[in-house]
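# Structural overview
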Amino acid sequence: MATQEEDSIEQAAAARRERLRALKAAQELLNTPDDDSTQSRNKTNDDDDDEEIDEENNQNMKFRNYVPHDKQLQEGKLAPPVLPKFEDPAAAEPPPSEKKEEDPFLNIAPKKPNWDLRRDVQKKLDKLERRTQKAIYKIMEEQEKEKQLTEAESEDDGTNGVED
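Residues numbered from 1 in each chain as written. Predicted model: local features only at pLDDT ≥ 70, side-chain atom pairs only at ≥ 80, totals over all residues. Heavy atoms only, no water.

For the rest of this paragraph, the subject is the overall build of the protein chain. Counting secondary structure elements, the protein chain contains six helices and zero strands. Ordered by position from N to C terminus, the α and β elements of the protein chain give α-α-α-α-α-α. The buried share among the 164 residues of the protein chain stands at 2%. Summed over its atoms, the accessible surface of the protein chain is roughly 16,700 Å², and 53% of this surface lies on carbon and sulfur atoms. (Helix = DSSP H or I, 4+ residues; strand = E, 2+ residues; numbered from the N terminus. Buried < 20%, exposed > 50% of the residue type's maximum accessible area, 1.4 Å probe, protein only. Areas by Shrake-Rupley, 256 points an atom, 1.4 Å probe, with all protein chains shown as cover.)

A few words on a nonpolar patch on the surface. Together, Val121, Leu125 and Leu128 make up a nonpolar patch on the protein surface, roughly 230 Å² of accessible area in all. Within the secondary structure, leucine 125 sits in helix H6 (residues 115-163). (Patch = residues over 30% accessible without salt bridge, like charges linked within 9 Å, V, L, I, M, F, W, Y side chains within 5 Å. Salt bridge = Lys/Arg side-chain N within 4 Å of Asp/Glu carboxyl O.)

A separate point is the confidence of the model for the protein chain. Per-residue pLDDT for the protein chain averages 77, and the proportion of residues at 70 or more is 70%. When the elements of the protein chain are averaged for pLDDT, helix H2 (residues 35-43) gives the smallest value, 51, and helix H1 (residues 2-31) the largest, 89. (pLDDT = per-residue confidence, 0-100.)

What follows covers the pattern of salt bridges. For the structure on display, the rule yields two salt bridges. Residue arginine 21 is joined to glutamate 18 by a salt bridge in which the shortest nitrogen-to-oxygen separation is 2.7 Å. Taken together, the residues span about one helical turn, with arginine 21 and glutamate 18 both in helix H1 at a distance of three residues. Overall, arginine 21 belongs to the exposed group, its relative accessible area being 51%. Classification of glutamate 18 by relative accessible area gives partly exposed; the value is 47%. Among the ionic pairs, aspartate 120 bridges to arginine 119, the shortest N-O distance being 3.2 Å.

What follows concerns the environment of lysine 62. Turning to its location among the elements, lysine 62 is positioned in the loop between helix H3 (46-60) and helix H4 (71-74). For lysine 62, a relative accessible area of 55% corresponds to the exposed category. Between the alpha carbons of lysine 62 and glutamate 75 there is a distance of 8.9 Å; along the sequence they are 13 residues apart. The contacts of lysine 62, once residues within four sequence positions are left out, are Gly76 and Leu78. (Contact = heavy atoms within 4.5 Å.)

A cluster of acidic residues, Glu144, Glu151, Glu153, Glu155, Asp156 and Asp157, forms a negative patch on the protein surface. Here glutamate 155 shows up in helix H6. By relative accessible area, glutamate 155 is classed as exposed at 52%. (Lys, Arg positive; Asp, Glu negative; His and termini not counted. Charge placed at Lys NZ, Arg CZ, Asp CG, Glu CD.)

Okay, structure coming up:
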């Protein structure tokens, strides 16, 4: 077992060394100047060398959000990206049922500014409402009794006068 693990570790180390050597070689190739470019630079004078460097920089510049004033730099301006049209998946779906459902976002904000006061006082209002109903019922009973008494008195008076 120990030999297999050691072998796999050694193989991994060897593979890593190879990758590092390849990266080093690639880095050296990038850092060494080309023979063609060094010869062409030696042929031109200093003024031409500055213009050549400017041209190389202009070709590499990309302007996404900036419009340069210089006409040579305007060539490096990129066209704005074309964004795909956004389609709302919720809007594309038909409503699940025919019945009208309330929008859940309407219940977030209070409908009246005093809703919290009414919520806190609701128990007292309910108790007061019951007392009011009882009081109205008592008054109605009293009025009904008075009405019956007045009718009874009028009947008594009417019956005595008719009998004679």
